[in-house]
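# Observations on the three-dimensional arrangement
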Amino acid sequence: MSDDSTDIAADLRARAAELDAADGLAKLRERFTLPDGVVYLDGNSLGALPAGVADTTADVVARQWGELLIRSWDESGWWTAPERIGDKLAPLIGAAPGQVVVGDSTSVNLFKALVGAARLAAPGRTKLLVDAATFPTDGYIAQSAARMTGLTVVPVDPSHAAEAMDADTAVVLLNHVDYRSGRLHDLPALTAAARAAGAITVWDLCHSAGALPVGLDAHAVDLAVGCTYKYLNGGPGAPAYLYIAARHQAGFDSPLPGWNGHADPFAMTPAFEAAQGATRGRVGTPDILSMLALESALDAWDGVSVEDVRAKSLALTDFFLECVAAYVPQGRVESVTPAEHGRRGSQISLRTENAREVMGELIARGVIGDFRAPDVLRFGFTPLYVGFADAERAARTLGHIFG
Ligand SMILES: Cc1ncc(COP(=O)(O)O)c(C=O)c1O
Ligand SMILES: Nc1ccccc1C(=O)C[C@H](N)C(=O)O
């Protein structure tokens with residue numbers, strides 16, 4: 001290294017140390033179990049392990065299942081877990097109690113939400129608008145839901161979605177944050193535009209819940225889904241959730257009316273009668289082991305405000321971009337994540353040549369992010385357990401790879 005670059009590195013490391021020392025959320029890292037020596041920037045794919053989950057899971061298996069057996073459905077609160085945990089995560093997405101039910105995968109909840117939305121929409125409307133850059137599962141499920149309900153999928157760039165909404169639009173499916181670019185879409189404005197056009201909105205919150213304020217109730221979103229294994233740290237394959245705004249619950253007609261969504265499941269009647277509230281979004285028997293692991297994982301949020309998390313997330317991503325500019329030779333990477341705070345989620349995506357190999361090299365050097373085809377290095381910043389020194393080390397390591 002030249003003297004100049006040594007000075008730059010010393011300066012950035014000192015700045016990182018100052019920022020970490022002043023960070024009111026830094027202590028939260030103790031709520032997680034992370035391996036030493038690793039910079040983990042992939043919490044937007046699989047969140048880290050919260051400290052209490054291993055013990056809770058052991059208790060659920062050994063005592064609740066092993067000893068209490070079938071009694072646990074009542075005595076250990078298994079039966080009501082989907083609603084209880086829905087209410088526990090609801091504040092993180094700006095939802096009042098009674099509107100969020102946990103269970104199934106995001107894909108399955110998308111299916112329920114989209115067909116449910118089509119059935120709520122005013123008759124005669126023909127279009128299902130879908131984010132053209134969406135994570136693939138949303139597009140696949142939307143195609144199938146459209147075929148089943150007689151709608152036609154119209155792909156739209158979310159920045160122009162409002163202009164595409166008209167009197168033929170039945171349903172609008174958008175991502176709050178784009179998984180590849182990290183672009184944050186304007187949920188308040190797009191929801192308002194859909195409402196003005198008389199359409200029903202379905203938001204995919206996978207990349208925003210737990211990273212930034214969502215405000216589902218405040219912005220009068222109709223339906224939303226999301227996963228819990230990214231910023232909510234629920235664990236691999238943790239159950240997803242479905243939000244059904246209170247005003248739509250009576251009219252929500254699930255395309256998967258399983259016995260768990262019945263008004264009186266144990267009456268075992270031949271005819272389906274939907275339960276009241278978000279419970280009608282349930283399908284079959286909940287995955288209790290994963291679900292109770294998620295419940296324990298959400299304790300990591302005790303006393304934490306999403307607004308503070310957002311402020312730190314923006315500071316982290318700003319600092320990472322500054323470090324990348326300082327360490328990586330000009331022209332080798334290009335950020336595809338908007339610089340503007342109002343349009344940025346909690347990740348930085350850098351386009352580069354040979355991105356797959358570059359990410360492999362970063363991981364080999366202890367900096368874990370991920371690669372998204374065709375040419376994106378993705379770095380997720382999870383403010384509960386990532387600090388400024390992590391951002392500096394990640395950028396410096398990237399610089400060494402190109403250096
Ligand atoms: C935006 C988005 N939607 C949906 C999913 C996945 O859905 P599922 O939980 O069904 O795998 C992901 C990531 O896996 C995602 O990023
Ligand atoms: N569920 C997974 C299982 C295995 C590997 C990745 C995922 C992801 O969640 C990917 C994520 N949705 C993404 O934005 O790329």
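Cut-offs applied
- Residues numbered from 1 in each chain as written.
- Chains lettered and ligands numbered in written order.
- Predicted model: local features only at pLDDT ≥ 70, side-chain atom pairs only at ≥ 80, totals over all residues.
- Heavy atoms only, no water.
- Helix = DSSP H or I, 4+ residues; strand = E, 2+ residues; numbered from the N terminus.
- Rg over C-alpha atoms; globule rule 2.2 N^0.38 Å.
- Buried < 20%, exposed > 50% of the residue type's maximum accessible area, 1.4 Å probe, protein only.
- Contact = heavy atoms within 4.5 Å.
- Areas by Shrake-Rupley, 256 points an atom, 1.4 Å probe, with all protein chains shown as cover.
- Pairing = 2+ DSSP bridges.
- Axes fitted to C-alpha atoms, helices over the stretch in contact; angles between N-to-C directions.
- Domains from an automatic or database assignment.
- Buried area = accessible area lost by both parts, 1.4 Å probe.
- Salt bridge = Lys/Arg side-chain N within 4 Å of Asp/Glu carboxyl O.
- Polar contact = N/O pair within 3.5 Å; in protein donor to acceptor, adjacent residues only side chain to side chain.
- Nonpolar A, V, L, I, M, F, W, Y, C, P; charged D, E, K, R; others polar.
- Core = buried A, V, L, I, M, F, W, Y, C linked by side-chain atoms within 4.5 Å.
- Phe/Tyr/Trp six-rings, centres within 6.5 Å; stacked < 30°, edge-to-face > 60°.

### As for the overall build of the protein
Check the secondary structure of the protein and you find 13 helices and 15 strands. Against the 2.2 N^0.38 benchmark of 22 Å for 403 residues, the protein shows a C-alpha radius of gyration of 22 Å, consistent with a compact globule. Expressed as lengths along the three principal axes of its C-alpha atoms, the size of the protein is roughly 80 × 55 × 35 Å. Taking all 403 residues of the protein together, the buried fraction comes to 55%. Relative to all contacts within the protein whose residues are 6 or more apart in sequence, the contacts with residues 24 or more apart total 73%. Accessible surface, the protein as shown: approximately 16500 Å² in total, 55% of it carbon and sulfur.

### Topic: the sheet that holds strand β7 (residues 169–175)
In space, the seven strands of this open sheet follow the order β4-β10-β9-β8-β7-β5-β6, with mixed pairing throughout. Only two strands of the sheet have a single partner each, and these edge strands are β4 (100–102) and β6 (152–156). For this sheet, the mean inter-axis angle between neighbouring strands, taken without regard to orientation, is 20°. Strand contacts of helix α4 (residues 81–89): β4 and β10 (241–244), with the helix running at about 120° to β4, the strand carrying the most contacts.

### Quick notes on the sheet that holds strand β15 (residues 376–380)
The four strands are arranged β11-β12-β15-β14 in an open sheet whose pairing can be described as antiparallel. Strands with a single pairing partner mark the edges of an open sheet, and in this sheet they are β11 (334–335) and β14 (370–372). Where β11 lies against strand β12 (residues 347–351), two bridges are found, and the strand directions are antiparallel. Each residue of the ladder has a partner; that of Ser335, found in β12, is Leu350. Where helix α12 (residues 355–364) meets the sheet, its contacts fall on β14 and β15, and the angle it forms with β15 comes to roughly 40°.

### Thoughts on the domain arrangement of the protein
Buried accessible area, meaning the area lost when the parts come together, often serves as the stated size of an interface. Split into domains, the protein comes out as domain 1 (3–33 + 305–402) and domain 2 (54–301). Both faces combined, the contact of domain 1 with domain 2 buries some 1800 Å², and carbon together with sulfur accounts for 60% of it. On the domain 1 side of the contact with domain 2, Val306, Gln347 and Leu384 bury the most area, a combined 26% of that side's loss. The tally of links between domain 1 and domain 2 comes to zero salt bridges. On inspection of domain 1 and its partner domain 2, the count reaches 10 residue pairs in polar contact (both at pLDDT 80 or more). Of the residues assigned to the side of domain 1 that touches domain 2, the class counts are 10 nonpolar, nine polar and seven charged.

### Some remarks on the nonpolar core
One finds Ile93, Leu205, Phe320 and Phe379 to be the most contacted residues of the largest nonpolar core, which totals 81 residues. In this structure, this core is formed jointly by two domains, domain 1 (3–33 + 305–402) and domain 2 (54–301), each of which donates at least three residues. When neighbours within four sequence positions are excluded, Phe320 is seen to be in contact with Ile348, Leu350, Phe379, Phe381, Ala391, Ala394 and Ala395. Judged by nonpolar contacts, the second largest core, of 28 residues, contains Leu110, Phe111, Leu114 and Val171.

### What about the packing of aromatic side chains?
Counted under the stated rule, the structure contains 11 aromatic pairs. Each residue in the set Trp73, Trp78, Trp79, Trp259 and Phe266 is aromatic and connected to the rest through ring pairs, giving one cluster.

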